[in-house]
Amino acid sequence: MELTNTFTVPAPVDEAWARLLDLPAVAPCLPGATLTDSDGDSFTGTVKVKLGPISLTYKGSGRIAERDDAAHRVVVEASGRETRGPGTATATITATLVPDGDGTRVDVVTDLTVTGRPAQFGRSMLADVSARLLDQFAACVADQLRPAPAAATTTDPGHGTDTVGAVVADAGPGAASTAAPATQHVPDEAAPIDLFEVTGARQLVRRAIPYVAAFAVGALVAAAVARLRRRDRAT
Amino acid sequence: MIPVGFDYVRPSTVEDAVAVLAADPDAKVIAGGQSLLPVLRLRLAAPTTLVDLRDVESLHGVRVAGDELVIGAMTTHDEILHDQRVAEHAPLLAAATATVGDRQVRHLGTFGGSLSHADPAGDLPAAACALAATMVAVGPNGRREIAADDFFVDYLTTTMAPDEILVEVRVGDTAGWGFRYEKFNRMAQAWAIVSVAALVRRAGGGVTDTRVALGNMARRPVRARAVEQAFTGTGGDIGAVTAAAGHADEGTDPPSDVNGAADYRAHLSRVLTRRALVAAVGA
């Protein structure tokens, strides 16, 4: 199964490229996640996904499989396993950065393979969950990039607020402070954007993980549900 | 298909139930269990404690208060279906409830549980929006009332906090209004691919009020405001119905899935809205 998502960040492509590959720095932007280890091109972490009656925790690892600095294209392979169940998921995520006006457009293609179980929901979670995760992630990264760190060129500090400001504003205190550009260590208690902050469910784990892994895991939960519904029907 | 172990409590008051939820963020309310139990059995969730509300007497039953119908959150679909006051004062709700699941589901599933689950493809969230229902929730900080339009926030997400419980739903009197619940699905007892709940009030030959809510056309049930605006004030003739129904998908964000693509749903919403308005207005 293939998922396609796009978001934009208010920074030139080179700056956005450097930031998005700085896993410890962008990790706090993905909700429900904890980065347990990060070593250059590989990482491990967990992500907790909570939505309605569903509450799942996945543990997984990933690595940067390909990296093309000239074309601004990166391929990440990640896999995860449910901590309290038999479900697994593997994902290959390809992100390509393209200049877009003053900012950068990020195209993300996720190829998912999921094993898991059915559920009974009227609406497939796939698109909703992945879109929400990525929206939150994009808003957080955009917020990180907006204060224009050292290497910034002509980034307009206000650029992008119209599209993402409303979401960022709900992130709660500390969300932006994790954006210190020189961050080298994974914060134990990062304060990333809470995926469900805007929706009023505030009891979620608020930790960090490489966005790719978390995105994959979030999407895989959705994919699991979607697949299960199909299996349900077949029985 | 066996759930992860959990504790089970069956309080007899809302306050006791709220106290359990407030003390344990991993506790979970269970009403009729028609959505939660499968999730537990599939191990898509592993709450520490289930708080069963069936013994809370105040949450059961239907009563009339002033010009409103007050429906306890634990009232089952079947009870609503066979309640004379619902049939009289909120026939749209009865019509929508009749399409929920199958007979067994309707005997166990509850009105409040279905609303709290907030599946945008569910029948009752859309009906509640069209009825402009008021949700009453109780939490550690007391009681609050929430308009249906504000209650549903996102996919499977309401504005209620995890330690709040939906206790009752207040529905204004729509006796005398024309009504119709249109649900489109591929199989009996399936979820709606798209659904339309419509209420139309006529007076002196003209349409004086219109309420239309759509199911599964966004991440939450939505009112079709453009349709309501276009139809209210007209003579309610077939031309007006067709013109108004053409606005049904305005401002919606329908999903694409195995049951249909977004543009298919957009088209379907216009077709179903037309059918619903025709039936509701008696054109």
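Look up a bit, the structure's there.
Residues numbered from 1 in each chain as written. Chains lettered and ligands numbered in written order. Predicted model: local features only at pLDDT ≥ 70, side-chain atom pairs only at ≥ 80, totals over all residues.

Colleague: Tell me about the overall build of chain B, and name the residues and values.
Modeller: Scanning chain B from N- to C-terminus turns up twelve helices and 14 strands. Relative to the 2.2 N^0.38 estimate, which gives 19 Å for 283 residues, the radius of gyration of chain B is 19 Å and therefore close to what a compact globule would have. In terms of overall dimensions, chain B has C-alpha extents of about 60 × 45 × 35 Å along its principal axes. Counting over 283 residues, chain B shows a buried share of 54%. (Helix = DSSP H or I, 4+ residues; strand = E, 2+ residues; numbered from the N terminus. Rg over C-alpha atoms; globule rule 2.2 N^0.38 Å. Buried ≥ 20, exposed ≤ 12 C-beta atoms within 10 Å, placed from the backbone.)

Colleague: Help me get a handle on the overall build of chain A, residues and values and all.
Modeller: Tallying secondary structure elements over chain A gives five helices and seven strands in all. Across chain A, helices and strands are ordered from the amino to the carboxyl terminus as β-α-α-β-β-β-β-β-β-α-α-α. For chain A, the proportion of its 235 residues judged to be buried stands at 54%. Across chain A, contacts joining residues at least 24 apart in sequence account for 68% of those joining residues at least 6 apart. (Contact = placed C-beta atoms within 7 Å.)

Colleague: Could you give me a rundown of the packing of helix H11 (residues 238–245) of chain B against helix H12 (residues 262–281) of chain B, with the residues and numbers involved?
Modeller: Residue and element names in this part refer to chain B. Direction vectors running N to C along H11 and H12 enclose 145°, while the axes themselves pass 8 Å from each other. Relative to H12, H11 is oriented so that their crossing is right-handed. Contacts from Val241, Thr242, Ala244 and Ala245 in H11 reach Arg270, Thr273, Arg274, Leu277, Val278 and Val281 in H12. By residue class, the composition of the contact of H11 with H12 is six nonpolar, two polar and two charged. (Axes fitted to C-alpha atoms, helices over the stretch in contact; angles between N-to-C directions. Left-handed = near helix turned anticlockwise from the far one by under 90°. Nonpolar A, V, L, I, M, F, W, Y, C, P; charged D, E, K, R; others polar.)

Colleague: Describe the environment of arginine 19 of chain A, listing the residues and the values that go with them.
Modeller: All names here are of chain A. The residue arginine 19 is located in helix H1 (residues 13–20) in this model. Each C-alpha atom, one on arginine 19 and one on glutamine 144, is 9.0 Å from the other, the two residues being 125 residues apart in sequence. Setting aside residues no more than four positions away along its own chain, arginine 19 makes contact with Ala25, Val26, Val141, Gln144 and Leu145.

Colleague: For the pairing of strand S4 (residues 62–65) of chain B, give the residues involved together with the corresponding values.
Modeller: Residue and element names in this part refer to chain B. Sheet topology places S4 next to strand S5 (residues 68–72); four bridges connect them, and they run antiparallel. Bridge pairing links valine 64 to leucine 69 in S5. In sequence, S4 turns back onto S5 through a hairpin of two residues, with glycine 66 there showing a positive phi of about 65°. (Pairing = 2+ DSSP bridges.)

Colleague: Outline the pairing of strand S7 (residues 142–147) of chain B, supporting the account with residue identities and numerical values.
Modeller: Residues and elements named next belong to chain B. Among the six residues of S7, zero are classified as buried, and the element is accordingly described as predominantly exposed. In the sheet, strand S6 (residues 134–139) pairs with S7 via six bridges, with the strands oriented antiparallel. Its bridge partner lying in S7, valine 136 is registered against glutamate 145. Remark: two residues form the turn of the hairpin made by S6 and S7, two consecutive strands paired antiparallel.

Colleague: Would you mind going over unusual backbone geometry in detail, with residue names and values included?
Modeller: Despite not being glycine, histidine 72 of chain A has its phi angle at roughly 55°, a positive value. Look at histidine 72 of chain A and you get buried, because 20 C-beta atoms sit within 10 Å. In this structure, leucine 156 of chain B takes a positive phi of about 55° despite not being glycine. Mapped onto the fold, leucine 156 of chain B is located in the loop between strand S8 (152–154) and strand S9 (157–158).

Colleague: Could you give an account of the sheet that holds strand S12 (residues 194–203) of chain B, naming the residues involved and the relevant values?
Modeller: Through backbone hydrogen bonds, the strands of a sheet pair up, either in parallel or in antiparallel fashion. Residues and elements named next belong to chain B. Reading across the sheet, the four strands line up as S11-S12-S13-S14 and stay open at both edges, with antiparallel pairing between neighbours. Every interior strand has two partners, whereas the edge strands, strand S11 (178–184) and strand S14 (222–223), have only one. Bridge analysis of S11 against S12 gives seven bridges, and the strand direction is antiparallel. Note on S12: the bridge partner recorded for arginine 180 is alanine 198. Along the sheet, helix H8 (residues 123–130) makes contact with S11, S12, strand S13 (206–215) and S14, crossing S13 at roughly 155°.

Colleague: Go over the nonpolar core with me, naming the residues and quoting the values.
Modeller: Ranked by size, the top nonpolar core spans 134 residues in total, and within it Leu92, Ala127, Ala130, Ala198 and Leu277 of chain B carry the most contacts. Element by element, the count of residues in this core is highest for helix H3 (residues 126–145) of chain A, at nine residues. (Core = buried A, V, L, I, M, F, W, Y, C linked by C-beta atoms within 7 Å.)

Colleague: Explain the sheet that holds strand S10 (residues 165–172) of chain B residue by residue, including any values.
Modeller: Residues and elements named next belong to chain B. If you trace the five strands from one edge of the open sheet to the other, you get S4-S5-S10-S6-S7, paired in antiparallel fashion. Bordering the open sheet on either side are S4 and S7, each of which pairs with just one other strand. Adjacent strand axes in the sheet meet at a mean angle of 25° when their direction is disregarded. Contacts from helix H1 (residues 14–23) reach S6 and S10 within the one sheet, and its direction differs from that of S10 by about 130°.

Colleague: For the environment of alanine 19 of chain B, give the residues involved together with the corresponding values.
Modeller: Following the sequence through the fold, alanine 19 of chain B ends up in helix H1. Residues alanine 19 of chain B and alanine 244 of chain B, spaced 225 residues apart in sequence, show a C-alpha to C-alpha distance of 48 Å.

Colleague: Describe H8 of chain B, with residues and values.
Modeller: For an α-helix, the turn length of 3.6 residues means that residues three or four places apart are oriented alike. Residues and elements named next belong to chain B. In terms of burial, H8 is a largely internal element, eight of the eight residues being buried. Taken together, the buried positions of H8 are occupied by Asp123, Leu124, Pro125, Ala126, Ala127, Ala128, Cys129 and Ala130. Alanine 132 lies just past H8 and shows a positive phi near 50°.

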